[in-house]
Amino acid sequence: VKAGPRAPGPVVPKPIGSPVDAASTLFAPEAEKADLVKKLGKLKETNKQANGKWWSFCKVHGEGKLDANAHDVPFLLTFFESFDLNEIPDEPGCPFVVARAPSPKSSRLPAGTPLAVGAPPPV
């Protein structure tokens, strides 16, 4: 006589509010998105240009929505690819980009150069 399949041991439910491994409970697309959102957060913490690039990318391609969760997986993947290839220009008005002042050498005239022909010297 063959024995049937073994009955599983008792299932012990986890208490409500206990930590759950999110990756094991999410479907593949949601897990991938969660991973990309985490990756973006880490990138923005470790790379000083990332905040400005994310802001600029969202302004142009994402209707200005800065919350990564508001975007789908293809949008997030496109951002990472564009960021890695350094293809995201800084958009005007980006609060994370510091405007560079012109270098002092480029704005100075050589000593003794008249400001304008025939103009009186500055007083």
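Everything numeric here is computed off the predicted structure, so don't read it as measured data.

Reading guide: rules and limits
- Residues numbered from 1 in each chain as written.
- Predicted model: local features only at pLDDT ≥ 70, side-chain atom pairs only at ≥ 80, totals over all residues.
- Heavy atoms only, no water.
- Helix = DSSP H or I, 4+ residues; strand = E, 2+ residues; numbered from the N terminus.
- Expected span 1.5 Å × (residues − 1).
- Buried < 20%, exposed > 50% of the residue type's maximum accessible area, 1.4 Å probe, protein only.
- Contact = heavy atoms within 4.5 Å.
- Axes fitted to C-alpha atoms, helices over the stretch in contact; angles between N-to-C directions.
- Left-handed = near helix turned anticlockwise from the far one by under 90°.
- Nonpolar A, V, L, I, M, F, W, Y, C, P; charged D, E, K, R; others polar.

## Side note on the environment of Glu30
Now for step 1: Secondary-structure assignment places Glu30 in helix H2 (residues 28-46).
Now for step 2: Between the C-alpha atom of Glu30 and that of Val73, which follows or precedes it by 43 residues, the distance is 8.7 Å.

## Description of helix H4 (residues 73-84)
Now for step 1: Between its first and last C-alpha, H4 extends 17 Å over 12 residues, near the 16 Å set by a 1.5 Å rise per residue.
Now for step 2: Looking at H4, one finds that the buried residues are Val73, Phe75, Leu76, Phe79, Phe80, Ser82 and Phe83.
Now for step 3: Where H4 is buried, its residues meet H2 and helix H3 (50-61).
Now for step 4: Directly beyond the C-terminal end of H4, a positive phi value near 55° is found at Asn86.

## Quick word on the packing of H2 against H4
Now for step 1: It is the contact of H2 with H4, at a shortest axis distance of 10 Å, that shows an interaxial angle of 35°. Handedness of the crossing formed by H2 with H4: left-handed. Contacts from Pro29, Glu32, Lys33, Leu36, Val37, Lys39, Leu40 and Leu43 of H2 reach H4 at Val73, Leu76, Leu77, Phe79, Phe80 and Phe83.
Now for step 2: Within the contact of H2 with H4, the residues separate by chemical class into 11 nonpolar, no polar and three charged.

## Section: the side chain of Ser56
Now for step 1: Positionally, Ser56 belongs in helix H3.
Now for step 2: Looking at Ser56, the relative accessible area reads 1%, which means it is buried.
Now for step 3: Excluding its chain neighbours within four sequence positions, the residues that come into contact with Ser56 are Ile88, Pro89, Asp90, Glu91 and Cys94.

## A short note on unusual backbone geometry
Now for step 1: Despite not being glycine, Glu63 has its phi angle at roughly 55°, a positive value.
Now for step 2: Take Glu63: it is sitting in the loop between H3 and H4.
Now for step 3: A residue is classified by how much of its surface remains accessible, and Glu63, at 67% relative accessible area, is exposed.
Now for step 4: Of note, Asn86 is a non-glycine position whose phi angle comes to about 55°, a positive value.
Now for step 5: Turning to its location among the elements, Asn86 is positioned in the loop between H4 and helix H5 (104-107).

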